[in-house]
Amino acid sequence: MDDNIIALPGAFAERMQRLLGGEYEAFAASYGQARQYGLRRNLQKSTEEEFIGVMPFPLEKISWAREGYYYDPAAQPGRHVFHEAGAYYIQEPSAMAVVEALAPKPGERILDLCAAPGGKSTQIAGRMQGQGLLVSNEIIGDRARVLSQNVERMGVSNCVVCNEKPERIASLFPAFFDRVLVDAPCSGEGMFRKEEAARKEWSPEAVRMCAERQALILEEAAKTVKPGGVLVYSTCTFSPEENERTISAFLRAHDEYNIEETALEGILSPGRADWVEQPVAGIEHTLRLWPHLIRGEGHYIARLRKRGAQAETRQVTGDKKLCKSIEGFLREELGISDAWMTRHPGQLIRFGDQIYLMPEEMGSLEGIKVLRPGLQLATEKKNRFEPAHALALTLLPGDSSRMYGLTGQEAAAYLRGESIACGAEKGWTALFFEGYALGFGKASGGQMKNHYPKGLRKSL
């Protein structure tokens, strides 16, 4: 126990004491304990055995997420080559439970409506294994750009990143998605131990404002779920107004939805029917994550199912003229294998001078603010192609016949933007470190010219 217990906002402490009763003392004491740190293995890039075998720091499994691990913050995994290669995503441990409740599967159409900075989107993508369509949306432009960068770093090929309001997404994709995640903007009470700003900005008025906004977002999100689909609502707050009461009010207005149990029951705490004036059936099957009961911060999760039969899928046609030229470049100049092609289906499209592989079920991009229409394959330059960094980050060992393994020192030099001595190698080459692709280089005269993006270069 740390003697320096975090000072909680007075009105918040009074409310939680009233709600928790005799349990409040343990809850308050948790704010004198060190927070937990987590990272999540990229399921698309390695098996658990491969991952643990190369990680240079100890890891401990998180019970509610099969790809999640605790780590010692002294290890600084954000400053390692593996981080830049997308081997893992640094994420608060409790946040990983949300996608566990969503339970995404390969081949589905999934929407992450409030997706920045990308932790849950990239976790969803890992479960999808490059198959199906993931639409990750963020209303704030700067945050949408960060989301797009994280999607790229994790080597996600089947994700379209949008920058739209929820009502616009609802109008574009009516009854379309198999699963929809609403990780709603909230008052952030569950992050008080982690973020000083959350404590300073909190107020009862902010809670009420957030609850009103969440109801509006949830209303629009519900329109995008196809009959038989799943809608998961989550927050990182404790307030009943933003959690059980929001869900109860939504269900009273939408009898086509009902609460579903999840595999996390028994691991995490149940929702509180006694904190709702008019609780709906099943509210106890929603989930709460408490910092005094688990090794993580505060969250709330509700999984809802929409009644009805599954709807038809919509079709898309790509730019057939691109196929021969870009596929020839991928195979002949980059040595891309049939196995990679099979794992990454899609339609080829032009986006300015960029060539993208767009998920097959996305349809038209007309009228949508899109930051990333899929996986960037190449840039077209004066009747030639230059491979995109995003493409490199999807490669696994064996995906290309043109690969070069870097030592630790060479990998660090590559990330700084330096050229690497490479012997007799020639032409475009995918550069790997310990089984993880870092990017492309172009070899000539015994030197590997550095093509790591200038905006990403750093000293580790």
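Structure report, in brief. The structure presented is a predicted model; accordingly, all values stated were derived computationally and were not measured. (Residues numbered from 1 in each chain as written. Predicted model: local features only at pLDDT ≥ 70, side-chain atom pairs only at ≥ 80, totals over all residues. Heavy atoms only, no water.)

## With respect to the pairing of strand β8 (residues 177–183)
- Burial runs high along β8: seven of the seven residues are buried.
- Bridge analysis of strand β5 (residues 109–112) against β8 gives three bridges, and the strand direction is parallel. Across the sheet, the residue bridging to Asp112 is Leu181, located in β8.
- Bridging between β8 and strand β9 (residues 225–235) involves six bridges; their strand directions are parallel. Among the inter-strand pairings, Val182 is bridged to a residue of β9, identified as Tyr233. (Buried < 20%, exposed > 50% of the residue type's maximum accessible area, 1.4 Å probe, protein only. Helix = DSSP H or I, 4+ residues; strand = E, 2+ residues; numbered from the N terminus. Pairing = 2+ DSSP bridges.)

## What about the sheet that holds strand β14 (residues 347–351)?
- Ordered by their spatial adjacency, four strands build an open sheet running β14-β15-β17-β18, and the pairing between neighbours is antiparallel. Since the sheet does not close on itself, it has two edges, and those belong to β14 and β18 (384–387), each with one partner. Taking the axes of each pair of neighbouring strands and ignoring which way they run, one obtains an average angle of 35° across the sheet.
- Pairing analysis gives four bridges linking strand β17 (residues 375–381) to β18, with the strands arranged antiparallel. Paired with Glu380 across the two strands is Phe385, which belongs to β18. (Axes fitted to C-alpha atoms, helices over the stretch in contact; angles between N-to-C directions.)

## Quick look at the environment of Val180
- Tracing the backbone shows Val180 in strand β8.
- Here the alpha-carbon distance between Val180 and Pro104, two residues 76 residues apart in the chain, equals 9.6 Å.
- Those residues in contact with Val180, other than ones at most four positions away along the chain, are Leu102, Leu111, Ala221, Thr224, Val225, Val230, Leu231 and Val232. (Contact = heavy atoms within 4.5 Å.)

## Quick word on the nonpolar core
- Judged by nonpolar contacts, the single largest core of 39 residues is most densely connected at Val182, Leu231, Ile247 and Met362.
- Take this core: its biggest share by element is four residues, from helix α10 (residues 204–222).
- Not counting chain neighbours up to four residues away, the residues in contact with Val182 comprise Leu113, Ile217, Leu218, Ala221, Leu231, Val232, Tyr233 and Ser234. (Core = buried A, V, L, I, M, F, W, Y, C linked by side-chain atoms within 4.5 Å.)

## Observations regarding empty space enclosed by the protein
- Inspection of every chain in the model, using the stated rule, returns one cavity of 30 Å³ or more.
- Roughly 30 Å³ of internal volume is contained in the largest cavity.
- Lining the largest cavity, in full, are Gly130, Ser157, Asn158, Pro345, Leu357, Met358 and Pro359. (1 Å grid on protein atoms, 1.4 Å probe; cavity = no way out; pocket = protein on both sides within 12 Å on 5 of 7 lines; lining within 4 Å. Points joined across faces, edges and corners; volume = space filled by probe spheres on them.)

## Considering the packing of α10 against helix α11 (residues 244–253)
- Their axes nearest at 10 Å, the elements α10 and α11 cross at an angle of 40°. With respect to α11, the axis of α10 lies oblique. Considering the relative orientation of α10 and α11, their crossing is right-handed. Where α10 approaches α11, its residues Ala211, Gln214, Leu218, Glu219 and Ala222 are matched on the opposing element by Thr246, Ile247 and Phe250. (Parallel < 35°, antiparallel > 145°, perpendicular 65-115°, else oblique. Left-handed = near helix turned anticlockwise from the far one by under 90°.)

## Thoughts on the layout of surface pockets
- In this structure, the largest pocket occupies an estimated 1,200 Å³ of space.
- Lining of the largest pocket is provided by 50 residues; of these, Ala116, Arg143, Ala184, Pro185 and Cys236 occupy positions nearest its centre.
- Secondary structure elements with two or more residues in the lining of the largest pocket: β4 (88–90), α6 (119–128), α8 (166–172), α9 (196–201) and α10.
- It is α10 that provides the largest number of residues to the lining of the largest pocket, a total of seven residues.
- Of the voids in this model, the second largest pocket is the one considered here, and its volume is about 330 Å³.

## Here we look at the packing of aromatic side chains
- Per the stated rule, a full pass over the model turns up 23 aromatic pairs.
- For the pair Phe51 and Tyr69, a centre-to-centre distance of 5.5 Å together with 35° between the ring planes defines the contact as tilted. With a gap of 18 residues between them, Phe51 in helix α3 (residues 48–54) and Tyr69 in strand β3 (residues 68–71) connect regions that are remote in the sequence.
- Their ring planes at 45° and their centres at 5.2 Å tell us that Phe173 and Phe177 sit as a pair that is tilted. For the pair formed by Phe173 and Phe177, the shared burial category is buried.
- Every member of this aromatic cluster is reached through a ring pair, and the members are Phe12, Tyr24, Phe27, Tyr31, Phe192, Trp202, Phe238, Trp275 and Trp290.
- The ring centre of Tyr69 lies 5.0 Å from the NZ or CZ of Lys61, which sits over that ring. (Phe/Tyr/Trp six-rings, centres within 6.5 Å; stacked < 30°, edge-to-face > 60°. Lys NZ or Arg CZ within 6 Å of the ring centre and 35° of its normal.)

## Some thoughts on the environment of Tyr404
- Counting through the fold element by element, Tyr404 comes out in strand β19 (residues 403–405).
- As a C-alpha pair, Tyr404 and Phe433 span 29 residues in sequence and 8.7 Å in three-dimensional space.
- Excluding its chain neighbours within four sequence positions, the residues that come into contact with Tyr404 are Glu410, Ala421, Cys422, Glu425, Thr429, Ala430, Leu431, Phe432 and Met448.

These values are about where atoms sit, not about what they do.
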